[in-house]
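Architecture at a glance
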Amino acid sequence: MSKKNILVLCTGNSCRSQLAEGYLRYFAGDKANIYSAGIETHGVNPKAIQVMAEDHIDISKHTSNHVDEYIGIPFDQVITVCDNANEACPFFPGKVERFHENFPDPAKATGTQEGVMDEFRRVRDLIKVYAADFVQDHVKN
């Protein structure tokens, strides 16, 4: 059985989709090819890299990619992690399962540095649970 191709799609491919890509890669291991992209590209947010490192997952080599870069990949599953990406999600040919979960955008957090980092950690933890459940329910050997 071939590996599934899974795309995580967000607005800017800077925070939520990067966190999800990191956790999906971790939980799926060699059972799936995980990609993330945005309908725009904003660069990988350094705070996303930092909170993932706190959980021992290195996303520092991730890049911020535009969804058009992956048009030629036959995706089995597409996960949108924000409403904006869900509404703007392009059509993917073939039998593609679509999933959607609207996570808060930690990049929009305001307040003290510690308060902002706490919001990044909170969203990271929400995405971690989602990714673990997703792999258990939808990524089979």
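Residues numbered from 1 in each chain as written. Predicted model: local features only at pLDDT ≥ 70, side-chain atom pairs only at ≥ 80, totals over all residues. Heavy atoms only, no water.

Topic: the overall build of the protein
Secondary structure summary: the protein contains four helices and four strands in total. Start at the N end of the protein and walk to the C end: the helices and strands fall as β-α-β-α-β-α-β-α. Whereas a compact globule of 141 residues would reach a radius of gyration of roughly 14 Å, the protein reaches 14 Å, a difference of no more than 12%. Overall, the C-alpha framework of the protein stretches about 45 × 30 × 25 Å when taken along its three principal axes. (Helix = DSSP H or I, 4+ residues; strand = E, 2+ residues; numbered from the N terminus. Rg over C-alpha atoms; globule rule 2.2 N^0.38 Å.)

With respect to the packing of aromatic side chains
For the coordinates displayed, the defined rule picks out eight aromatic pairs. Consider the rings of Tyr 23 and Phe 27, whose centres lie 6.1 Å apart with planes at 20°: the pair is stacked. Of the two residues, Tyr 23 and Phe 27 both sit in helix 1 (residues 16-28), four residues apart, roughly one turn of that helix. Ring plane angle 85° and centroid distance 4.9 Å describe the contact between Phe 99 and Phe 134, whose orientation is recorded as edge-to-face. Taken together, the residues span a long stretch of sequence, with Phe 99 in strand 4 (residues 97-100) and Phe 134 in helix 4 (residues 113-138) at a distance of 35 residues. Here Phe 99 and Phe 134 have matching classes, each one buried. (Phe/Tyr/Trp six-rings, centres within 6.5 Å; stacked < 30°, edge-to-face > 60°. Buried < 20%, exposed > 50% of the residue type's maximum accessible area, 1.4 Å probe, protein only.)

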